[in-house]
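Residues per chain, in single letters:
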Amino acid sequence: MTDASLSDGRLREICVEACRAAAATIDATNSFTPVSTKSTDTDIVTATDLAAEATIRTVISAAAPGSNVLGEEEGRAPAGVGPHGDVEWVVDPLDGTVNFAYRIPVTAVSVAAVRRGSPVAGAVVDVARGEMFSAERDGGAWLDGVPISVGR
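An account of the accompanying structure is given in this report. (Residues numbered from 1 in each chain as written. Predicted model: local features only at pLDDT ≥ 70, side-chain atom pairs only at ≥ 80, totals over all residues. Heavy atoms only, no water.)

### What about the environment of Ser31?
Part 1 of the argument: Position of Ser31 among the secondary structure elements: in the loop between helix H1 (8–29) and strand S1 (34–37).
Part 2 of the argument: Taking C-alpha positions, Ser31 is 8.1 Å from Ala101, a pair spaced 70 residues apart along the chain.
Part 3 of the argument: With residues near it in sequence (within four places) discarded, Ser31 still touches Thr46, Ala47, Thr48 and Phe100. (Helix = DSSP H or I, 4+ residues; strand = E, 2+ residues; numbered from the N terminus. Contact = heavy atoms within 4.5 Å.)

### Topic: a nonpolar patch on the surface
Part 1 of the argument: A surface patch of nonpolar side chains, about 400 Å² in accessible area, is lined by Val98, Tyr102, Ile104 and Val106.
Part 2 of the argument: With respect to the helices and strands, the residue Ile104 is situated in the loop between helix H3 (97–101) and strand S6 (108–115). (Patch = residues over 30% accessible without salt bridge, like charges linked within 9 Å, V, L, I, M, F, W, Y side chains within 5 Å. Areas by Shrake-Rupley, 256 points an atom, 1.4 Å probe, with all protein chains shown as cover. Salt bridge = Lys/Arg side-chain N within 4 Å of Asp/Glu carboxyl O.)

### Things to note about the pairing of strand S9 (residues 140–143)
Regular strands place side chains that alternate from one sheet face to the opposite one.
Part 1 of the argument: Pairing between strand S8 (residues 131–136) and S9: 4 bridges, direction antiparallel. Residue pairing for S9: Glu136 is matched across the bridge by Gly140.
Part 2 of the argument: Hairpin connection from S8 to S9: 3 residues lie between these consecutive antiparallel strands, with Asp138 at a positive phi of about 55 degrees.
Part 3 of the argument: Here S9 runs beside strand S10 (residues 146–148); their pairing, made up of 3 bridges, is antiparallel. Paired with Leu143 across the bridge in S10 is Val146.
Part 4 of the argument: A loop of 2 residues connects S9 with S10, the two strands running antiparallel in sequence, and Asp144 in this loop sits at a positive phi of about 50 degrees. (Pairing = 2+ DSSP bridges.)

### Regarding the nonpolar core
Part 1 of the argument: Residues Leu11, Ile56, Trp89, Val109, Val111 and Ala113 are the most contacted members of the largest nonpolar core, which totals 32 residues.
Part 2 of the argument: Contributions of two or more residues to this core are made by H1, helix H2 (47–63), strand S5 (87–95), S6 and strand S7 (118–126). (Core = buried A, V, L, I, M, F, W, Y, C linked by side-chain atoms within 4.5 Å. Buried < 20%, exposed > 50% of the residue type's maximum accessible area, 1.4 Å probe, protein only.)

### What to know about the packing of aromatic side chains
Part 1 of the argument: In this structure the tally under the stated criterion is 0 aromatic pairs.
Part 2 of the argument: Arg12 extends its terminal NZ or CZ atom over the ring of Trp142, reaching a point 3.8 Å from the ring centre. (Phe/Tyr/Trp six-rings, centres within 6.5 Å; stacked < 30°, edge-to-face > 60°. Lys NZ or Arg CZ within 6 Å of the ring centre and 35° of its normal.)

### Some details on unusual backbone geometry
Part 1 of the argument: Although it is not a glycine, Arg103 adopts a positive phi angle of roughly 60 degrees.
Part 2 of the argument: The backbone of Arg116 shows a phi angle near 50 degrees, a positive value even though the residue is not glycine.
Part 3 of the argument: When you line up the elements, Arg116 lands in the loop between S6 and S7.
Part 4 of the argument: Among the residues examined, Arg116 registers a relative accessible area of 62% and is labelled exposed.

Written as structure tokens, this is what we have:
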């Protein structure tokens, strides 16, 4: 299998799968207590952030071996040797960690696929509402699998 075998549509599907899996991990883990901080004392990381990113990395490594992952929590880490080395995944496993820690249900998971420096697919799930937004380059956008477009 070569990298070209992963169409933008397939990359979008992987983004959706990774987002859904991470949202399920967030729901199951529910660890609200900060375990560390990043740039400032208020830029917290919870065990749930770490678990959600680990889930995303597992989904990606199974679906696109050899891809690189740039995650908010673990940084850039090559997934290893494999056929998909020119795809990089940009991941925010729990966008809204402070909201999450204060039990404010406004959080999301974001995953994007970048091929040779150009974004080609992505997905964002609203964790509390379960709404999944996804898009692919030159292919459109979807809300929960139903095509969407801008209004006029």
